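Read off the chains here:
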Amino acid sequence: MPVESRRKKFRRPAASKNGLGGRKPARGAGKPCETAFGRRRNRLDYQHVYAVISQRARGLSIGVNLNPDKKCSFDCVYCEVDHETAGRERTVDVKAMAAELEHLLTMQQGGRLGKLDWFKNLPPELLELKEVALSGDGEPTLCPNFDEVVREVVHLRSRGDRPSFKIVLITNGTGVDSPRVAAGLELLDPQDEIWVKLDAGTQEYFEKVNRPMVPLWQILAKILALSKKRPVIIQSLFPLIDGKEPSVEEVEQYVKRLSELKAVGAQISMVQVYSAHRPPHRPNCGHLPLKSLSFIAQRVRKATGLKAEVF
Ligand code: SF4
């Protein structure tokens, strides 16, 4: 059944009194993190692109925001996007996006990013471009002109007048089976990557952490279909919620879902296990201790044979 028609059935859980279910404060709330990897996206006055030092990319990631309207099918407890304030237009202005991306790439390649306040004092190796990420203030696969955006980014890369770069799609999996997304993904090279979110192994925990509009079984089915066509990297974020870690049973169920995916043909090149690196907007949503993240990654490796790393 299409995602849209299931929305009524799989409503987001209602806001809770303790704030877990509520919307988070505006972007920018909370103390800035001092580490390079903890820095938030820097929009540099652009509308469609931003730069961030990304832990998972291990360096500079230039992002393209495919959701100026902030549309998302999840409402994760750890999300840093301010969904309280209205978004902008529904579609991406592809020409404007391309001009901004080209300008930012030129700045980066000319070594000018390090002169900006935001990136000052960072070691030069952190300012080497690791990827151009198709991401955004919502779920990129819900972007109505997803394929046009990918085509433009691929075109910019293929012109040959600048160093090449890897393209990474960062998605929660909701729209990966739509025709426009499939058409866009067809344009990617084999070395480009798709990072798909999987934070839960049970519907109950999925609703607690991701507060989705789609059921877990449907996301798993989409991940499977996609990963049979090309390898994916699974991204799994485990937050502390009200000071509590995910239960051992939940972690085991999550590991089981990965095993099941692998057993039926999913190509999973890596599992990235991490927690909320950016300051959480909700005081009850925190960072899981490293030893707990290491335990989860170890369980994944042992039970599934998949490569799993803590980021
Ligand atoms: S999927 Fe991403 S954009 Fe959507 S709510 Fe979760 S963290 Fe935010």
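Cut-off values and rules
- Residues numbered from 1 in each chain as written.
- Predicted model: local features only at pLDDT ≥ 70, side-chain atom pairs only at ≥ 80, totals over all residues.
- Helix = DSSP H or I, 4+ residues; strand = E, 2+ residues; numbered from the N terminus.
- Buried ≥ 20, exposed ≤ 12 C-beta atoms within 10 Å, placed from the backbone.
- Contact = placed C-beta atoms within 7 Å.
- Pairing = 2+ DSSP bridges.
- Right-handed = clockwise from strand over helix to strand, strands pointing away.
- Axes fitted to C-alpha atoms, helices over the stretch in contact; angles between N-to-C directions.
- Parallel < 35°, antiparallel > 145°, perpendicular 65-115°, else oblique.
- Nonpolar A, V, L, I, M, F, W, Y, C, P; charged D, E, K, R; others polar.
- Near = placed C-beta within 6 Å.
- Expected span 1.5 Å × (residues − 1).
- Arc of directions from axis to C-beta.

Asks: Looking at this model, I keep getting lost on the overall build of the protein chain. Mind explaining?
Replies: Looking only at helices and strands, the protein chain features 8 helices and 10 strands. Across the 311 residues in the protein chain, those meeting the buried criterion constitute 40%. A sequence separation of at least 24 residues applies to 77% of the contacts in the protein chain between residues at least 6 apart.

Asks: Mind showing me how you'd approach the pairing of strand 4 (residues 167-171) here?
Replies: Regular strands have side chains that alternate between both faces of the sheet. Buried residues dominate strand 4, accounting for 5 of its 5 residues. The two faces of strand 4 match: Ile 167, Leu 169 and Thr 171 on one face and Val 168 and Ile 170 on the other face are all buried. As judged from the 3 bridges shared by strand 3 (residues 129-135) and strand 4, these two strands associate in the parallel manner. Within strand 4, the residue paired with Ala 133 across the bridge is Val 168. For the handedness criterion, the β-α-β arrangement of strand 4, helix 4 (residues 179-186) and strand 5 (residues 193-197) is classed as right-handed.

Asks: Which parts of the structure should I look at to understand the packing of helix 3 (residues 146-158) against helix 4?
Replies: A pair of packed helices can be characterised by two numbers: the angle between their axes and the separation between those axes. For the pair helix 3 and helix 4, the least separation of the axes is 7 Å and the interaxial angle reads 10°. Regarding the angle of helix 3 to helix 4, the classification is roughly parallel. Listed contacts from helix 4 to Phe 146, Asp 147 and Val 150 of helix 3 are Arg 180, Val 181, Ala 183 and Gly 184. Grouping the amino acids of the contact of helix 3 with helix 4 by side-chain chemistry returns 4 nonpolar, 1 polar and 2 charged.

Asks: I would appreciate a short explanation of the sheet that holds strand 4 in the present structure.
Replies: In a beta sheet, neighbouring strands pair by backbone hydrogen bonds and run either parallel or antiparallel. Here 8 strands make up an open sheet; going across it, the order is 1-2-3-4-5-6-8-10 and the pairing mixed. The strands lining the two open edges of the sheet, one partner per strand, are strand 1 (49-54) and strand 10 (308-310). Each neighbouring strand pair of the sheet contributes to a mean axis angle of 25°, computed without reference to strand direction. Here strand 4 pairs with strand 5 via 4 bridges, running parallel. Its bridge partner being in strand 5, Val 168 is matched across the sheet by Glu 193.

Asks: Sorry if this is basic, but what is going on with the environment of Leu 156 here?
Replies: Note on placement: Leu 156 falls in helix 3. Assessed through the 17 C-beta atoms surrounding it within 10 Å, Leu 156 is described here as partly exposed. Counting along the chain gives 58 residues from Leu 156 to Ala 98, while the straight-line C-alpha distance between them is 7.6 Å. Those residues in contact with Leu 156, other than ones at most four positions away along the chain, are Ala 98, Leu 101 and Glu 102.

Asks: Explain the site of the ligand here, please?
Replies: The ligand sits among Cys 72, Phe 74, Asp 75, Cys 76, Cys 79, Val 81, Gly 138, Glu 139 and Asn 172. Each residue belonging to the shell around the ligand can be placed in one class, and the counts come to 5 nonpolar, 2 polar and 2 charged.

Asks: Got a minute to help me understand the pairing of strand 1 in this structure?
Replies: By the criterion of burial, strand 1 is predominantly enclosed, with 6 of the 6 residues buried. Side chains Val 49, Ala 51 and Ile 53 of strand 1 all project onto a buried face; the interleaved residues Tyr 50, Val 52 and Ser 54 project onto the opposite face, where all are buried too. In this sheet, strand 2 (residues 59-65) lies alongside strand 1 in antiparallel orientation, the contact comprising 6 bridges. Of the residues in strand 2, the one forming a bridge with Ile 53 is Leu 60. Between the end of strand 1 and the start of strand 2, which pair antiparallel, lie 4 residues, with Arg 58 showing a positive phi angle near 65°.

Asks: What's the story with unusual backbone geometry in this structure? I'm lost.
Replies: Trans peptide bonds make up most of the peptide bonds, and negative phi angles are found at most residues other than glycine. Of note in this structure, Asn 121 is not a glycine but carries a positive phi near 70°. Mapped onto the elements of the fold, Asn 121 is located in the loop between helix 2 (94-109) and strand 3. Using a count of 7 C-beta atoms within 10 Å as the deciding quantity, one classes Asn 121 as exposed. Unusually for a residue other than glycine, Arg 211 sits at a positive phi of about 45°. For Arg 211, the location among the structural elements is in the loop between helix 5 (203-209) and helix 6 (216-229).

Asks: Help me out: how do you make sense of the environment of Val 209 in this one?
Replies: Tracing the backbone through its elements, the reader meets Val 209 in helix 5. Each C-alpha atom, one on Val 209 and one on Asp 199, is 7.6 Å from the other, the two residues being 10 residues apart in sequence. Apart from residues no more than four positions distant in its own chain, Val 209 is found in contact with Cys 76, Val 77, Asp 199, Ala 200 and Pro 239.

Asks: I'm lost on helix 6 in this one. Help?
Replies: Helical geometry note: an α-helix holds 3.6 residues per turn, so side chains three or four residues apart project in the same direction. End to end, helix 6 covers 20 Å across 14 residues, agreeing with the expected 20 Å (1.5 Å per residue, within 8%). By the burial criterion, the buried members of helix 6 are Leu 216, Ile 219, Lys 222, Ile 223, Leu 226 and Ser 227. Down the axis, helix 6 shows its buried residues gathered within 125° of arc, on one side only. Packed against the buried residues of helix 6 are strand 5, helix 5, strand 6 (232-237), helix 7 (248-263) and strand 8 (268-274).

Shape is all these values report; function is a separate question.
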